[in-house]
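Secondary and tertiary structure notes
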Amino acid sequence: MTQQAAALQTYNNELVKCIEELHLKRDELNRQIRQEEEEKERLQHDIQVLSDKLSRVNESLSQRHAARAAFERTIAETETAYTKILESSQSLLCVLKKETGNLSKATEPRKKER
């Protein structure tokens, strides 16, 4: 019976030791889970911050694209108007030269024909 008691004691000691090891492994696993959950929260926060920033940048880009389009329209309209002014000025100059020539002829003393 003493041998059985000794064997039972040995088994009991081993069982307690195995249970303690399982507790240690569980505690380590819990620590790792907490670390990963904290990292997950940090990453989710970072994602939210970056998403907000991306949204602001997209809005800013949209406004800048609209402003650029307005600049391009204004430039095109101004260049078209300026070209018309140049053409009108050229036409006016031609008309003025022609009229000046006609006036000069009209005001020149007439040569007597022989």
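This is a predicted model, so every value here is computed, not measured.

**Quick look at the overall build of the protein**
Each helix and strand counted, the protein has one helix and zero strands in total. Here the C-alpha radius of gyration of the protein, 49 Å, is well above what a compact globule of 114 residues would show, namely 13 Å. With the C-alpha coordinates of the protein rotated into their principal frame, the extents come out at 170 × 20 × 10 Å. Burial status across the protein gives 0% buried among its 114 residues.

**Examining the UniProt feature "coiled-coil region" (unreviewed entry) in the protein**
If you check UniProt for "coiled-coil region" (unreviewed entry), the listed places come out as residues 12-60 in our numbering. The span residues 12-60 is 100% helix and 0% strand, and its two end C-alpha atoms sit 71 Å from each other.

**Topic: the pattern of salt bridges**
For the structure shown, the criterion picks out two salt bridges. In this structure, Asp-27 engages Arg-26 in a salt bridge whose closest nitrogen and oxygen atoms are separated by 3.3 Å. Asp-27 gets classed as partly exposed once you look at its relative accessible area, which sits at 38%. The closest approach of N and O atoms between Glu-28 and Arg-31, which form a salt bridge, is 2.5 Å. Residue Glu-28 and its partner Arg-31 are located together in helix H1 (residues 2-107), separated by three residues, close to a single helical turn.

**Brief notes about a negative patch on the surface**
Together, Glu-36, Glu-37, Glu-38, Glu-39 and Glu-41 make up a negatively charged patch on the protein surface. Inspection of the secondary structure puts Glu-37 in helix H1.

**Some words on the environment of Leu-92**
Note that Leu-92 resides in helix H1. A C-alpha to C-alpha distance of 96 Å links Leu-92 and Asp-27, two positions 65 residues apart in sequence.

Conventions used here
- Residues numbered from 1 in each chain as written.
- Predicted model: local features only at pLDDT ≥ 70, side-chain atom pairs only at ≥ 80, totals over all residues.
- Heavy atoms only, no water.
- Helix = DSSP H or I, 4+ residues; strand = E, 2+ residues; numbered from the N terminus.
- Rg over C-alpha atoms; globule rule 2.2 N^0.38 Å.
- Buried < 20%, exposed > 50% of the residue type's maximum accessible area, 1.4 Å probe, protein only.
- UniProt positions renumbered as here; feature names shortened; annotations may be inferred.
- Salt bridge = Lys/Arg side-chain N within 4 Å of Asp/Glu carboxyl O.
- Patch = residues over 30% accessible without salt bridge, like charges linked within 9 Å, V, L, I, M, F, W, Y side chains within 5 Å.
- Areas by Shrake-Rupley, 256 points an atom, 1.4 Å probe, with all protein chains shown as cover.
- Lys, Arg positive; Asp, Glu negative; His and termini not counted.
- Charge placed at Lys NZ, Arg CZ, Asp CG, Glu CD.

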